[in-house]
Every structure is written in structure tokens, then in C-alpha cells.
Amino acid sequence: MPHTIAHNGIDHSQPVVEHASAAEEHTAPPAEHGASPAGHGETGTEHGSGIHISLAAEKLFSIGGFPVTNSILMSVLTFAVLVSLAGFFKRKIATLPGKIQGIFEMMLEALLSLMDSILGSREKSEKYLPVIATIFFFVLVSNWLGLLPGVGSLVWHEGGKIIPLLRPAAADMNFTLALGLIAIIGVNFFGFMALGFKAHASKFFTFKNPINTFVGLLEFMSEFSKIISFSFRLFGNVFAGEVLLTIVAFLVPYVVPLPFLFLEIFVGFIQAFVFAMLALVFVGIAITGHDEDHAAEPAHGHSH
Amino acid sequence: MNELFVKLGLDWKLLLAQAVNFLILLYLLSRFVYRPLLKVLADRRARVEEGFAKADEADRRLADTNDMVKAKMKQAEEEAMTMLRSTEAKAKELEASLMAEAQKKQAAMLESAERLAAAKADEAAAKVRAEAKELMRNALAKAVSMKPESIDEALIESAVKEMKVH
């Protein structure tokens, strides 16, 4: 077992590729790395090198002081894929749907009816659909793209180090924290828009009685904990999947990683779904007045 | 805390970049996918609802038209029957009046024929009386102009002659 995994599965040091020379790593046969597409470490089984796992996304190069990491590259790639699909899709939109539009409409209808069950009306569902659906598709596509061969196996030489060129976007805290922040800021923004500033703020800051004041403060604190739980849940799951796939591919490169890949496909979907559904439930709670809040209590409980 | 941020690779520039990335994607997808698609779905729903409404309206109109046709047919039948009955009644009235008139005419003709016949009979009688009167005068005149003995004979003869003539 390589030393980086032996301690806690995470290499706390800066990314270092041990033993194997850069050339050897770079020219490793595709079959070997294709079996561990999600692994962004160099398994280097032939040369006896250790697994390279970095908790943080690694910087590939800088553009005007902006650090371009392998993770943000993946995020941009996901963005490009989704925008291309959107551009392609836009030209195909018609009142009488084709196959692709039919599939997409089916997905959208399913999402809308799910949103209806939480928000209570189709009008509200359609209003908040863009945010929820974008979160879902962005996380889903980034997770699934992270499973493709090449992610983790294509490498980049930077200052004598060999760094994976691509790293799943959600395996970077910057991505998940940004999404978490946007989700919670968006949720509160929708709350303000739906109820008015005073009504929404009174959920957190009320001085009617000491108990409500205390509960309000707890609610306020929970908004921050939601950001943390959002970001760490997604990051933890995707990063753990990465580590799992890397280790399995390191131990047995052929066939054995397949079930784990399927598991990661499922996890990728589930995490995207969970993220979107939690954001939806929080929106549902935020746009509901304080008096109606108790009706939404079970949903709130579920969210934690 | 700072160490944790470094270990997790948290960097405000990257965080901002990821957020901006997401927000641009949100804008583009909303603009080019969700809104057009929701519009298409809404349009389609509206058209389907319109179709259903029109179908219902057509059914309703058809039923109304059928009812109207039935009502008109019934009305027409009733009118025809009424007309038939009134025509029959009128015909009967006409027949009766014609009959009455004919009878009246017949009676009048009969009466006039009787009157004519009576007048003819009276005329004939008057004529006979006038002729008899003339005959008698002539006979008397001849009797006065003859001998008394021969008068009787002559009167008788002339009377016989006259009788024979007539």
C-alpha cells in the first residue's frame, strides 16, 4: 500500500509523483489508465510508483495571476458541453417534439412534477426550475464527465511535477462551495422576493420572545451550516469515489473497477439529485411564510 | 483555519470563477433551453386545451343543431297537420256552402219554372176565353141577321162549324 493511502487516504503534502520519471508517467499505456478513468493519480503499477492523491485541486498554470487548476478546467469543459448541447437543442425546439426534445421534455416534466409536489403549484415550479435544473445538470454532467477515460490519466507537466490535466469538478471544494453559496444565497434571495424583506428577515431576527429570538438565531446559523453541508457532502462523495476508483484501479486494473464505475455513475446521479432536491426544499421553505412553516416541517426535517 | 483552506485548496479567485461559471451557465440555459421549452410546453398545453374546448363546443353545437332540427321538424309537422286540418275544414265549409247555394238556385229555378208554367197556362186560358168570346159574338151577330126559323138552324150549324174548325 502506498504511503499516501496508508495514513488517511489523503496526501496532505503538495502533489508529488514518486519514483517514476515524468516521461514514464506520461507515456503509460492507455489501457492501464483507461481502466481507472476517475483516478487522477498515477497508479504506475509497472514502475512501482505510489498513488498520487491530492485533496486540493492542482494548479496547472496561471493566466494573469489567475490560477488555472485541473478542476476548473473540468468545470469549464462541463460548461462547454452543456452550452453546446443547449445551442444544439435550441435549434431543434418545436411545438411538435422530436426524439431528443421528447426525452428532454420527459425529464423536465418529471422534474416539474417533483417540484410541484414540494412547492405546491406549477407556476412556482416553473419560476424556480432554471436554478434547480441548472444545479442538477451541472453537477450531474460534471460528475459523469469525471468518470470518462482520460480524466486523471492525461497529465500535465508543471514545474517538474506531473499533474493530472483533468479532475472532476466536484472533487474541488471551490466548485462545491461556490454551488453551496449560490444555492443558499439564491434560496434567501427567493425568500426575500416572495415574502418581502421584513417577513423573511423575521424568520432569523425576531424579538417577540426570547425563545423565538433564540430559534431565529439558530435558523440563521443553520443557513451557514447548510452551505457547509451542501459543499462537503458533494465534495466528500465525489472525492471519495475518486479515491475509491483510484485505489481499485491501482490494485486490479482490469474488470474489477467496472462495478465501482457503475457505482460512481449512480453516485454521480444521486449526488446531483440530492443537491438539487435540497436546494428545492430550502427554496420551498424560504418562500413559505412563517405561519405556514410548520406545514413544511417534515420536508425540512428530511433535508437534514 | 487558513491552513484548512490551503489544504482544501480554497482560493477566492477559483471560488469566484466557479460561481461566475455557474451563473453564466444558469443564464444561458434559462435563455436557450428552459424558457423556450417551457413556452413550447405552455403553448402546446394551451393548444390542447383549446382543441378540447373546441371539440366540446362542436359537440355542444352539434347537439344544439340536432335539437333545433328536431324541434323544427316537429314544428313543421304540426304546422302541416294544422294546415291540413284547416284546409279540410275549409273544404267542408266550401262544400256545404256550395251545396246550399246549389239547392237555393235549384229551388229558385224550380220556382221560376213553375211561375212560367203557371203564366203560360193563364195566358192559354185567357186566349181560349177571348176566342170563345169572339166566337160567341160572331155567332150572335149571325143569328141576329138570319130568319128566326132558320136562325136556330143556322146557329146550330154555324156553331157546329165553329166547333169543327176548332
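Coordinates for the structure precede this section.
Residues numbered from 1 in each chain as written. Chains lettered and ligands numbered in written order. Predicted model: local features only at pLDDT ≥ 70, side-chain atom pairs only at ≥ 80, totals over all residues. Heavy atoms only, no water.

Draft legend 1. Structural context of the overall build of chain B. Regarding its fold elements, chain B presents three helices and zero strands. In sequence order, chain B lays out its α and β elements as α-α-α. Counting across all 166 residues of chain B, residues that qualify as buried make up 14%. Carbon and sulfur atoms provide 64% of the accessible area of chain B, an area that totals close to 13,500 Å². (Helix = DSSP H or I, 4+ residues; strand = E, 2+ residues; numbered from the N terminus. Buried < 20%, exposed > 50% of the residue type's maximum accessible area, 1.4 Å probe, protein only. Areas by Shrake-Rupley, 256 points an atom, 1.4 Å probe, with all protein chains shown as cover.)

Draft legend 2. Representation of the overall build of chain A. Of the regular secondary structure elements, chain A holds eleven helices and four strands. Buried positions account for 52% of the 304 residues belonging to chain A. Considering only contacts within chain A whose residues lie at least 6 apart along the sequence, 68% involve residues at least 24 apart. Summed over all atoms, the accessible surface of chain A reaches about 14,100 Å², with 71% contributed by carbon and sulfur. (Contact = heavy atoms within 4.5 Å.)

Draft legend 3. Spatial organisation of the pairing of strand β1 (residues 59-63) of chain A. Residue and element names in this part refer to chain A. As paired elements, β1 and strand β2 (residues 66-69) share four bridges and run antiparallel to each other. In the sheet register, K59 faces β2, and the bridge partner there is T69. Between β1 and β2, which pair antiparallel and follow one another directly, the connecting turn spans two residues, one of which, G64, has a positive phi of 55°. (Pairing = 2+ DSSP bridges.)

Draft legend 4. Region of interest: helix α5 (residues 99-119) of chain A. In this model α5(A) runs 29 Å from its N-terminal to its C-terminal C-alpha over 21 residues, within 8% of the 30 Å that 1.5 Å per residue would give. For α5(A), the set of buried residues is Q101(A), F104(A), E105(A), L108(A), L111(A), L112(A), M115(A), D116(A) and L119(A). All buried residues of α5(A) lie within an arc of 150° about the axis, which places them on one face of the element. Away from its buried face, by an angle of more than 90 degrees, α5(A) presents the exposed residues K99(A), M106(A) and S117(A). Considering only its buried residues, α5(A) is in contact with α4 (70-92), α6 (122-145) and α10 (257-286) of chain A together with α2 (12-145) of chain B. Of the residues flanking the end of α5(A), it is G120(A), one or two places downstream, whose phi is positive at about 95°. (Expected span 1.5 Å × (residues − 1). Arc of directions from axis to C-beta.)

Draft legend 5. Fine view of unusual backbone geometry. Phi is positive for V255(A), which is not a glycine, with a value near 60°. Its location among the elements puts V255(A) in the loop between α9 (210-251) and α10.

Draft legend 6. Focus on the packing of aromatic side chains. Residue and element names in this part refer to chain A. According to the stated counting rule, one finds 18 aromatic pairs over all chains in the structure shown. Note on F136 and F137: the rings are 5.3 Å apart at their centroids and 65° apart in plane angle, and the pair reads as edge-to-face. We note that F136, like F137, is buried. Centre to centre, the rings of F189 and F190 are 6.0 Å apart; their planes meet at 55°, and the pair counts as tilted. Taken together through their ring pairs, the aromatic side chains of F89, F104, F136, F137, F269 and F273 make up a single cluster. Just above the ring of F282 sits the side chain of K226; from NZ or CZ to the centre is 4.2 Å. (Phe/Tyr/Trp six-rings, centres within 6.5 Å; stacked < 30°, edge-to-face > 60°. Lys NZ or Arg CZ within 6 Å of the ring centre and 35° of its normal.)

Draft legend 7. Main features of the interface of chain A and chain B. Counting residues at the interface gives 48 residues for chain A and 32 residues for chain B. In total, about 3,600 Å² of surface goes out of reach between chain A and chain B, with carbon and sulfur atoms giving 75% of it. Counting the contacts that link chain A with chain B gives one salt bridge. Measuring nitrogen to oxygen at the nearest pair gives 2.8 Å for the salt bridge that ties E105(A) to R44(B). For the pair chain A and chain B, the number of links is four residue pairs in polar contact (both at pLDDT 80 or more). (Buried area = accessible area lost by both parts, 1.4 Å probe. Salt bridge = Lys/Arg side-chain N within 4 Å of Asp/Glu carboxyl O. Polar contact = N/O pair within 3.5 Å; in protein donor to acceptor, adjacent residues only side chain to side chain.)

Draft legend 8. Focus on the packing of α4(A) against α5(A). All names here are of chain A. Their axes nearest at 10 Å, the elements α4 and α5 cross at an angle of 110°. As the angle between them shows, α4 and α5 are arranged roughly perpendicular. Crossing angle aside, the handedness with which α4 passes α5 is left-handed. Seen from α4, the contacting residues are F88, F89 and K92; seen from α5, they are I100, Q101 and F104. Residues belonging to the contact of α4 with α5 are distributed by class as follows: four nonpolar, one polar and one charged. (Axes fitted to C-alpha atoms, helices over the stretch in contact; angles between N-to-C directions. Parallel < 35°, antiparallel > 145°, perpendicular 65-115°, else oblique. Left-handed = near helix turned anticlockwise from the far one by under 90°. Nonpolar A, V, L, I, M, F, W, Y, C, P; charged D, E, K, R; others polar.)

Draft legend 9. Up close: the pairing of strand β4 (residues 161-164) of chain A. All names here are of chain A. By the bridge criterion, four bridges tie strand β3 (residues 155-158) to β4 in an arrangement that is antiparallel. Looking at β4, one finds that H157 is bridged to I162. Remark: two residues form the turn of the hairpin made by β3 and β4, two consecutive strands paired antiparallel; G159 in that turn has positive phi of roughly 55°.

Draft legend 10. Region of the structure containing the side chain of T69(A). Position of T69(A) among the secondary structure elements: in strand β2. One polar contact links the side chain of T69(A) to the main-chain amide nitrogen of I72(A), over a distance of 3.1 Å. Those residues in contact with T69(A), other than ones at most four positions away along the chain, are A57(A), E58(A), K59(A), L60(A), D172(A) and L14(B).

Draft legend 11. Representation of the packing of α5(A) against α6(A) within the structure. Residue and element names in this part refer to chain A. With their axes 9 Å apart at the nearest point, α5 and α6 run at an angle of 120° to one another. By the angle between their axes, α5 is oblique relative to α6. Considering the relative orientation of α5 and α6, their crossing is right-handed. Two secondary-structure elements touch here, α5 through F104, M107, L108, E109, L111, L112, S113, M115, D116 and L119 and α6 through R122, K124, S125, E126, Y128, L129, I132, A133 and F137. Residues that form the contact of α5 with α6 fall into these classes: twelve nonpolar, two polar and five charged.

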